[in-house]
Amino acid sequence: MGKLAFFTLADESGPIQLYLEKATLQAAHPDNPEVFAQLTSLVDAGDWIGVRGSLKRTDRGELSVKVVDWTMLSKALQPLPDKWHGLADVEKRYRQRYLDLIVSPHTRETFRRRARIVSTMRRWLDERGFLEIETPVLQTEAGGADARPFETHHNALDLPLTLRIATELHLKRLVVGGFERVYELGRIFRNEGVSTRHNPEFTSVEIYQAYADYHAMMELTEELIVAAAREVCGGTLISYQGTEVDLTPPWRRATMHDLVREATGLDFSSFEASDPLASRARAADAMAAAGLEVPAAADCLGRLLVEAFEQTVETSLIQPTFVLDYPVENSPLARAHRSKPGLVERFELFIVGRETANAFSELIDPVDQRSRLEAQQERRRAGDPEAQTVDEDFLHALEVGMPPTGCLGIGIDRLVMLLTDSPSIRDVIAFPLLRPEGRSGASEAGHEADA
RNA sequence: GGGUCGCUAGCUCAGCGGUAGAGCACUCGGCUUUUAACCGAUUGGUCCUGAGUUCGAAUCUCAGGCGACCCA
């Protein structure tokens, strides 16, 4: 049996070396000559132990605790992953996140940053008089976005319910009620596929400001995201997956028409004809001639424009870019453009080729809103499962009277990906949705290991 | 939805038609100023599942499961 041993003791604040000297321990425990052997033989990597002792620097200069007493706080029954290689298996990192967190400081740092981003955004909004109000997750009608909801059921009321796909329609009711600045930062659920950019439950913040329009929301977007970037990246020049991204405002503003024309040479405003079908046909021919796909579901000029944008422009928008003025057909909740017929006052923010925010001057005209939602309902009947429904109570609220309002929605997960240099949305969600494993899955994963 | 790749010990991986392996971890013993791997020994496996080909399958074929990445 030796006379000396070294352990590394770590808690969330970091590691420190334990200097274990047989003579010191025995002198402190004259009644237990085996104290050194017990400590070195009973303690394994992963156990939680407590120690008492004095600080010293070893001959190698490492700050250490010279241990005189110790106690086992919690025993690890499962061995830790290889201390050098860590958890290389991506799937295992997601399925057993607790292990990933133990062995990967980088993963821990990502979730610390996520927390700081969220708290910075809340503080920024609170300081400017925005009020956070929680709206229902369980809804009889899922509205406010083009997406399919999760369906559930309330037993006592025998009532079918859906999980919310957006917070929009309730926050607008609050504006009707007189709150001029409201927001909600919370979980949204969409019954859709899973990818490096999509998780069925994700976090968004929606912000509503009365007497503002989408131009004001652009400035708000810049300031809010810059505040988060400064908090976790220390500035506005960041690197994402090897690409330099400059978040210094002001960010580029460009209309969807101009961006599509730049990329393809196609001027969609020139396709307009007196007959909507003729407009659509002219645009379709031009797109086909330019080598673009023309999906049948894109049944009008506006949808074709968006299609052309998605095919040719979207992924090329690396530096932050506000894309302005969307077709009315794709934006049933946005206000008609003040000067451009057929368009709405809406922007989406793209960074590293990904939609990161969406905003508009709100549609507050209840008559216009009703006809747009009825058009959506018609699409739904025609087989589009993502088309919106008519929410009569929401329309009633608009009839009571809503002030001009700007709104903004930001995808928190995608923003966190950007600011933590994470390639997959699963890297920024602690427990992303995964298909259950057939055999060992849930039961074995229940035995947690500790650091 | 399409394609490519992966799944072998707790972890990281090798083996690619002929007795299932290595390093680390675990257990036991030795060493003791170490910074991923000190020295010895012992443990440890439904080679993802199922079917097929074969004298013989972790290995080849097919189907399925679970993932990763790319494309739409």
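### A short note on the confidence of the model for chain A
Argument step 1. Looking at chain A, pLDDT values average 90 and 96% of them are 70 or higher.
Argument step 2. In the model, residues 439-451 has pLDDT below 50 throughout and makes 17 contacts with residues more than four positions away in sequence or in other chains.
Argument step 3. Both scores are available for the predicted complex, with the pTM at 0.91 and the ipTM at 0.85.

### Points about the packing of aromatic side chains
Argument step 1. A complete count under the given rule lists five aromatic pairs for this structure.
Argument step 2. Ring geometry for Phe 309 versus Phe 350: centroids 5.4 Å apart, planes at 65°, classification edge-to-face. With Phe 309 in helix α10 (residues 301-312) and Phe 350 in strand β15 (residues 343-351), this pair connects stretches of sequence that are 41 residues apart.
Argument step 3. Accessibility expressed as a relative area gives 1% for Phe 309, which makes it buried.
Argument step 4. Given a relative accessible area of 1%, Phe 350 falls into the buried group.
Argument step 5. By way of ring pairs, the aromatic residues Trp 251, Phe 322 and Phe 347 are connected into one cluster.
Argument step 6. The cationic tip of Lys 56 hangs over the ring face of Tyr 19; the distance from NZ or CZ to the ring centre is 4.2 Å.

### A short note on the pattern of salt bridges
Argument step 1. Overall, the coordinates contain 36 salt bridges when judged by the stated rule.
Argument step 2. Lys 172 is the salt-bridge partner of Glu 168, the closest N and O atoms lying 3.0 Å from each other. Of this pair, Glu 168 and Lys 172 both sit in helix α6 (residues 168-176), separated by four residues, roughly a single helical turn. Of the two residues examined, Glu 168 and Lys 172, each falls in the buried class.
Argument step 3. Residue Arg 370 pairs with Glu 399 through a salt bridge whose shortest N-O separation is 3.8 Å.

About the cut-offs
Residues numbered from 1 in each chain as written. Chains lettered and ligands numbered in written order. Predicted model: local features only at pLDDT ≥ 70, side-chain atom pairs only at ≥ 80, totals over all residues. Heavy atoms only, no water. pLDDT = per-residue confidence, 0-100. Contact = heavy atoms within 4.5 Å. Phe/Tyr/Trp six-rings, centres within 6.5 Å; stacked < 30°, edge-to-face > 60°. Helix = DSSP H or I, 4+ residues; strand = E, 2+ residues; numbered from the N terminus. Buried < 20%, exposed > 50% of the residue type's maximum accessible area, 1.4 Å probe, protein only. Lys NZ or Arg CZ within 6 Å of the ring centre and 35° of its normal. Salt bridge = Lys/Arg side-chain N within 4 Å of Asp/Glu carboxyl O.

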